[in-house]
Structure formats: structure tokens, C-alpha cells
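So you can see what is in the structure, the chains are spelled out below.
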Amino acid sequence: MKIMNNKLMALTLGIVLLSACQPLSEYEINPNYPSEGQVPPTLVLTSVIANTLGAYRPLIGTYNGWSQIIASISSQQGDAGFQGYLGGEANFGFYSVMRDVAAMEFEGNRINTPAYKGIANFFRAYCLIDMTMQMGDIPMSEALQGKEYSNYSPKYDSQKDVFINCLALLEEANMILGESAIQKVSLGSGDIIYGGNVTNWQKAVNTLRIRILMNLSKKVDDADLKVKEQFATILNNPAKYPLFTSNDDNLAFKWYDLEGNRYLLFYQLANSDYYRIGNTYYNLIKKYNDPRISVVAERTVAAVRANPNSNEFDVNEYGGVDCNDSYENIYANRDNASIYSRARYCTPTGEPMILGGYPELCFNIAEAINRGWIQGDAGDYYYSGIRASMKYYEISDAVINDYLSGSSVVYSGELEQILNQKYLAFFNNSGWEPFYNIRRTGFPALHVGANMTNPNGKIPVRWRYPQREYQTNEQNVKEAIQRQFNGSDGVDDVMWILK
């Protein structure tokens, strides 16, 4: 589960977007050591964005394999890590990003622009949550103290404390960005997500906080977390806590037809035939007669043979494979399963990589209402989430209205309906969040077949700590493992958030 850091992409994109207004001498400064010079914080922000929001791999990234959205028909393309649930170890790569985050905040303070501290808080929370969701307890309070305090062996903070701290970081970020918005502060051209607009970042801060609170659904009665109270505070005060209101607000990394920043599947066209839509995704599409499949996937080879000139949507002309089945069985069924849409995805710009979207927010609010956390009409948010997801794919209002009135789609008060539609809306976006939702709720059920590498035959629920920690921080990592899992560091060990 290794997050890919594309340093070349960050550098290329930063230079292209900023060279018009920054002298070349600015690029000679190392942003990791701000005391060596004065680098514009907007330039550091470009790197931070690229190495977090831009670091996920579209469609054929492992998170899509583990969520059974995409499968490979070849063991050479889809190794055991992709769809065989070879859990392995995670990594602490985001701590390197957090050094850049600290440099960005330092430089923001130098030019008296507190908005960068608000953005820094967002990315600190984003990185810490990503790592704790993978492993459990992680270093936090003593992290990144090597240079200043010569502390190269940080203690591990409890997962609960990590969540409490990250929620507090986002509360402070909302306040800072709200004040910056009133003052009409801009984050400059280095903000390749929102073009410097701090109000949009404030919306992203609060939308991330809603996601985090939803991920704490098993801890709703914890008096220290106050999950329901925080949820209600945000929803009941939109002026103070603005949220996404449409797809225009999505936290999305865009691709450009530039060397080093093209959509990754542009280079995968020759290998696209090795991949197919997964049945966990397709079976829900078929159940709901969902037209989104016609946008994201191609008709099967068998369907094209039988009806080469079809212009009418027929969900049966698409198909999937059981992702965790043997490669022999998947390969044998390849002609009856759909490839992802090459016309949509195998292009230089592909589609924006959404890491936080308006549809997800709608479904999170619908789930909170369904669970009784807050008052409201869960159905309204459920329908809004579906509509927003379909509008993202440019499906017409007439088709959407017909879909929403279908007997299998009409909201009947079942939580499973909300979770299934959230899963469909997660197609090729939001990183590991689709898998985390399945891990948390059990919906939709994942297929377990002959390709399962986990000896106990179950879907793993966590990743092991990096082996390097046993070499450089042995005492603290072992203490954390003992505290959480009685000394075991396995993929089946249940972390605090899942208990």
C-alpha cells in the first residue's frame, strides 16, 4: 500500500505554472531548509499538493483492486498486491511531505500570511489520518523532531489521540481560513487545486472533517470524541463551517498535457486489455440498471460481436469479473467483462483525481441522519449524492430523474442503499476511502476467492508497520504493537477505530 511520490511531476508542474511570475533563482532554494533562503510558500504548496493529492494512481492503483472496482486478467499485471490482498507493510512516506508542510508554514509566517498555517493544518491532518487508517497508532507528538531536538526515535501516539488532534487541527484551520477569506487573501499561483481561493480550501477542511467523523462511526459514544456533537455543530452553522455545495468544489488534482504530468493511463493504452471491471462494482450497476457504466466502461467483446452497431444503453452489454478469483477463471471470462473506457481514461488529461468530493459528502450526511446523529431528511442527501455523481459524468437530467424513480433506487430508509450508492460514486476516486468504507461497514460485500493470499482466507484490515521502524525505532514500535495487538503486527489485527 505504498503511496507514490512523483517528484518529477511536482517539479515540472511547479515550474510551468509559476515560472511566469517567479525568477529562476527561486528554484535553487531547498524548501526543506527554509533557513537557507526565502522560498515563496506558494511554490512549496505546489510540491505538497503534488505529493499528496496528486500521488495516487488512477484506476489500476491497488486501492481500486482492493475495492474490487477493477481487476486484472493477468497475474503479470495484477500481482497479489493488486487484487490478491497481499497486505504487506505500509510506509511512513507522508512524514517527508509533512516536512515540506512545515517549510510552507514557516515561509507563510515570514511573509505574514497566516492562511498558509490553515493549509498546513489541513495537510498535516490529511497525512496523519492516511497513515493511522493504514496501521493504527503512529508517531505524532514527537514526529519530525530529529533536526531540532535530535529525537530520531519518536514515541507512538494512540490512534484515538491522533484523531482528536487531527480534528482540532481542522477546527483551527477553519478559523484561520475563514478570517483569511474575509481579508481576501490569495494563496497564489502555486495552489494548483483552487487557484489560491482560501474559501474553497475552507470548504475542503470541513468536508474532510465530516469524513473523519464518519470514519469514527464505531466510536460515536466516546465522550472524548463527541462525534455526534461535532457533526451537528458543522451542519448547523454553514456560515462558520462552509461545506462543498456542488462538484465545482471537489478537492481534485487535475492533469495537464505536459511531460511529467499526463494522466497515467495515457501511457497504459497498450496494456488496457489486461484489466476489467470488477463484479462487486458491476453487480450493483446491474441491480440498479445504472447508466454510469456506459461512461466509465466499454461494452464487452461478446456484446459488440452480437450487436456491433448498438446505440441504446443496455446494462447487460456490460459485465465484470470476480476480482479475487483465480487468474485462469478471470481470463476465461474476459470477453464477457468490460474494459474501462479507453476513450475517457487513456488520454493525456484523463479525468481529475478527486480526493474529496461533493457526492461523498452528501452520502456521509445521509448516513449520519440515518444513524440518528443529526436531524434531517436522509433521502434528500441520498438523492443529491446520486445526482451529483451522475452529473459529474454529464448524464442528462432526464436520465437521472428516471434512474432516481426506479424501484431499486428509491430510498426506503435502508443504510445499505446509502453505502452502495456511495461505493458507486467512489469509482476511480478518493484513494483508499472506498476500501475504508467497506472495512468499516461491510457494504458492499467483497468477493473472496482462489486468489486470496491471506492465510486465514479473510480480507486484511490493516498493514504492518514499516520494517525500517524495527531497525531505527524498535523500542517504540514494539511498545505500540504490544499496546494495541498484544505483540502481533499482522494484517488481521483489529485497530482501535474498528472495535
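(A) Looking closely at the packing of aromatic side chains. A complete count under the given rule lists 35 aromatic pairs for this structure. Consider the rings of phenylalanine 82 and tyrosine 275, whose centres lie 6.1 Å apart with planes at 80°: the pair is edge-to-face. Taken together, the residues phenylalanine 82 in helix H4 (residues 80-83) and tyrosine 275 in strand E3 (residues 275-277) connect sequence positions 193 residues apart. Residue phenylalanine 82 shares its accessibility class with tyrosine 275, and that shared class is buried. Between the aromatic rings of tyrosine 263 and tyrosine 345, the centroid separation amounts to 6.5 Å while the plane-to-plane angle is 25°, which identifies the pairing as stacked. With a gap of 82 residues between them, tyrosine 263 in the loop between strand E2 (251-253) and E3 and tyrosine 345 in helix H15 (residues 342-345) connect regions that are remote in the sequence. Owing to a relative accessible area of 0%, tyrosine 263 belongs among the buried residues under this scheme. Aromatic rings pair up to connect Phe82, Phe253, Trp255, Tyr263, Tyr275, Tyr281, Tyr340, Tyr345, Tyr423 and Phe427 into one cluster. The ring of tyrosine 331 has arginine 334 sitting right over it, with the charged end atom 3.9 Å from the ring centre. Here the guanidinium or amino end of arginine 462 rests over the ring plane of tyrosine 465, the centre of that ring lying 5.2 Å away.

(B) Fine view of the packing of helix H11 (residues 279-288) against helix H19 (residues 415-425). Two numbers describe how H11 lies on H19: the axes approach to 10 Å, and their chain directions differ by 115°. When the axes of H11 and H19 are compared, the crossing they make is left-handed. From H11, Thr280, Tyr281, Leu284, Ile285, Lys287 and Tyr288 reach across to H19, where they touch Asn420, Gln421, Tyr423 and Leu424.

(C) View of the environment of asparagine 451. Of note, asparagine 451 is situated in the loop between helix H20 (433-441) and helix H21 (467-472). Judged by relative accessible area, asparagine 451 falls into the buried class, the value being 13%. Along the sequence, asparagine 451 and tyrosine 327 sit 124 residues apart, while their C-alpha atoms lie 7.6 Å from each other. Beyond its immediate chain neighbours, meaning those up to four positions away, asparagine 451 contacts Gln83, Gly84, Asn324, Asp325, Ser326 and Tyr327.

(D) Representation of the environment of tyrosine 470 within the structure. For tyrosine 470, the position within the fold is in helix H21. Among the polar contacts listed, one links the side chain of tyrosine 470 to the side chain of aspartate 489, at a separation of 2.6 Å.

(E) Just the environment of aspartate 377, in detail. Along the polypeptide, aspartate 377 turns up in the loop between helix H16 (358-370) and helix H17 (378-392). On the accessibility criterion, aspartate 377 (42% relative accessible area) is partly exposed. Distance in space between the C-alpha atoms of aspartate 377 and alanine 366 is 7.5 Å, their sequence separation being eleven residues. A polar contact is formed between the side chain of aspartate 377 and the backbone nitrogen of glycine 379, at a distance of 2.9 Å.

(F) Up close: unusual backbone geometry. In this structure, the amide linkage connecting phenylalanine 443 to the following residue, proline 444, adopts the cis form with an omega of -15°. Mapped onto the secondary structure, proline 444 falls in the loop between H20 and H21. If you check the backbone angles, asparagine 428 has positive phi at about 60° while not being a glycine. As for its placement among the helices and strands, asparagine 428 is situated in the loop between H19 and H20. When its relative accessible area of 1% is taken as the criterion, asparagine 428 is described as buried. Its identity as a non-glycine residue notwithstanding, serine 430 has a phi of 70°, on the positive side. Along the chain, serine 430 falls in the loop between H19 and H20.

(G) The pattern of salt bridges, seen in detail. This model, assessed by the stated rule, comprises 27 salt bridges. Among the salt bridges present, the one from glutamate 317 reaches arginine 299, with a minimum N-O distance of 3.3 Å. Separated by 18 residues along the polypeptide, glutamate 317 in the loop between helix H13 (301-306) and helix H14 (327-332) and arginine 299 in the loop between helix H12 (293-296) and H13 bring together distant segments of the chain. We note that glutamate 317, like arginine 299, is buried. Salt bridges sharing common partners tie together Glu105, Lys117, Arg124 and Glu172.

Definitions and cut-offs
Residues numbered from 1 in each chain as written. Predicted model: local features only at pLDDT ≥ 70, side-chain atom pairs only at ≥ 80, totals over all residues. Heavy atoms only, no water. Phe/Tyr/Trp six-rings, centres within 6.5 Å; stacked < 30°, edge-to-face > 60°. Helix = DSSP H or I, 4+ residues; strand = E, 2+ residues; numbered from the N terminus. Buried < 20%, exposed > 50% of the residue type's maximum accessible area, 1.4 Å probe, protein only. Lys NZ or Arg CZ within 6 Å of the ring centre and 35° of its normal. Axes fitted to C-alpha atoms, helices over the stretch in contact; angles between N-to-C directions. Left-handed = near helix turned anticlockwise from the far one by under 90°. Contact = heavy atoms within 4.5 Å. Polar contact = N/O pair within 3.5 Å; in protein donor to acceptor, adjacent residues only side chain to side chain. Salt bridge = Lys/Arg side-chain N within 4 Å of Asp/Glu carboxyl O.

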